[in-house]
Amino acid sequence: MMTENKNSPQKNFPSDGYIKFRCEYTNAEWNSPELPLDKDFLSIFHEVDNFRTKVYDQGFIGIYENGIGFGNLSFRCKDHFIITASATGGARELGLTGYTLVNKVDIAQNTVHSIGPLPASSETMSHASVYQNSALANYVLHIHNSMLFNFLKEKNALSTPENIAYGTPKMAETIGELVRQNPTEATIVMRGHEEGILIYGMSIAHLQSQLIFLCQEANKEQCMHCKQKGEHHNG
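Parameters at a glance
Residues numbered from 1 in each chain as written. Predicted model: local features only at pLDDT ≥ 70, side-chain atom pairs only at ≥ 80, totals over all residues. Heavy atoms only, no water. Pairing = 2+ DSSP bridges. Helix = DSSP H or I, 4+ residues; strand = E, 2+ residues; numbered from the N terminus. Buried < 20%, exposed > 50% of the residue type's maximum accessible area, 1.4 Å probe, protein only. Salt bridge = Lys/Arg side-chain N within 4 Å of Asp/Glu carboxyl O. pLDDT = per-residue confidence, 0-100. Contact = heavy atoms within 4.5 Å. Core = buried A, V, L, I, M, F, W, Y, C linked by side-chain atoms within 4.5 Å. Expected span 1.5 Å × (residues − 1).

Here the focus is the sheet that holds strand 11 (residues 196-201). Strand order in the open sheet made by the nine strands is 1-7-6-5-4-8-11-10-9, with mixed pairing throughout. Each of the sheet's edge strands pairs with one partner strand only, and the pair in question is strand 1 (22-27) and strand 9 (159-160). Pairing of strand 6 (residues 99-106) with strand 7 (residues 111-116) involves five bridges; the strand directions are antiparallel. Bridge pairing in strand 7 links Val 102 to Ser 114.

Structure representation (structure tokens):
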């Protein structure tokens, strides 16, 4: 897969990582009365957590040189959803302590209720909007990658407007409108959130295959541009 160096000294770091919603958070440990575990949950969780590590290794989740993390992953859990916690972007492996249960999101009131070892991700409302507007979407991945971001913009992919910032009720509402039009799966470019891309679908396999497809297409495009300019590119 295509990755990029997030530690370039000349990089203008995208705004990310800061929670903008009202956070109603209850601290609790997994496998406690508040957060019980069973075999079915753990089977799904391990698939999600292993996938998150792969996405981290590919550079789509991580931490910028300025210390701000980026990227998050969630999955539906009955009437709620589980999401990677705030400030976990820099960790390659998370395990249960890196995830939080989101049990209520009020987009209009800009409020997120969660319970777990850590508060929920700053992008929780965007994830919630997917689940609230589609009964078919079971997994949501938010990544950062400037090459894919620019490629998708050039191709006029599904997107949110440039004047809508990440982590806001307006972003969640706009994503919800797009999800209602595409309830099964989609890739959304968050134009007002530099490098931000949202991918959702019915399975982890879909997220993985979509990432592979996007990287292949973007690399082809880059190779074509290089050939037109007479440059050599190792794609």
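Let us keep going from here.
We now examine unusual backbone geometry. Of note, Lys 78 is a non-glycine position whose phi angle comes to about 60°, a positive value. Mapped onto the fold, Lys 78 is located in the loop between strand 4 (72-77) and strand 5 (80-84). At Asn 156, a position not held by glycine, the phi torsion is positive, near 55°. Along the chain, Asn 156 turns up in the loop between helix 3 (146-154) and strand 9. Residue classification places Asn 156 among the exposed positions, given a relative accessible area of 63%.

Applying the stated criterion across every chain yields a total of four salt bridges. Notably, a salt bridge pairs Glu 24 with Arg 22, separated by 2.8 Å at the nearest N-O pair. On the basis of relative accessibility, which here comes to 54%, the residue Arg 22 falls in the exposed class. The closest approach of N and O atoms between Arg 92 and Glu 93, which form a salt bridge, is 3.0 Å. Connected via shared salt-bridge partners are Asp 57, Arg 92 and Glu 93.

When pLDDT is averaged along the protein, the result is 89; 87% of the residues meet or exceed 70. Within the protein, the element-level pLDDT minimum falls on helix 5 (residues 204-229), averaging 84, and the maximum on strand 5, averaging 98. Low confidence marks residues 1-11, where pLDDT is under 50. Its contacts with residues over four positions away, or in another chain, come to 40 contacts.

Here we take up the side chain of Gln 210. Along the polypeptide, Gln 210 turns up in helix 5. Accessibility expressed as a relative area gives 18% for Gln 210, which makes it buried. With residues near it in sequence (within four places) discarded, Gln 210 still touches Thr 187 and Ile 199.

Let's shift gears to the nonpolar core. The biggest cluster of nonpolar side chains holds 34 residues, and the ones touching the most others in it are Phe 51, Val 55, Leu 141, Ile 143, Leu 148, Leu 207 and Leu 211. Breaking this core down by element, the ones donating at least two residues are helix 1 (39-57), strand 4, strand 6, strand 8 (139-144), helix 3, strand 11 and helix 5. Of all the elements, helix 5 adds the most residues to this core, at six residues. For Val 55, the contacting residues outside a window of four places in its chain are Phe 60, Ile 61, Leu 141, Ile 143 and Leu 211.

Helix length check: helix 4 (residues 169-181), at 13 residues, gives a terminal C-alpha distance of 19 Å against a target of 18 Å (1.5 Å per residue), a fit within 8%. Of the positions making up helix 4, those classed as buried are Met 171, Ala 172, Thr 174, Ile 175, Gly 176, Leu 178 and Val 179. Where helix 4 is buried, its residues contact helix 2 (124-133), strand 9, strand 10 (186-190) and strand 11.

With that settled, consider the environment of Val 102. Locating Val 102 in the fold gives a position in strand 6. For Val 102, a relative accessible area of 2% puts it in the buried group. In the structure, Val 102 is positioned 23 residues away from Met 125 in sequence and 10.0 Å away in space, judged by C-alpha atoms. Leaving out residues up to four positions away in the same chain, Val 102 has contacts with His 80, Phe 81, Ile 83, Val 112, His 113, Ser 114, Ala 120 and Thr 124.

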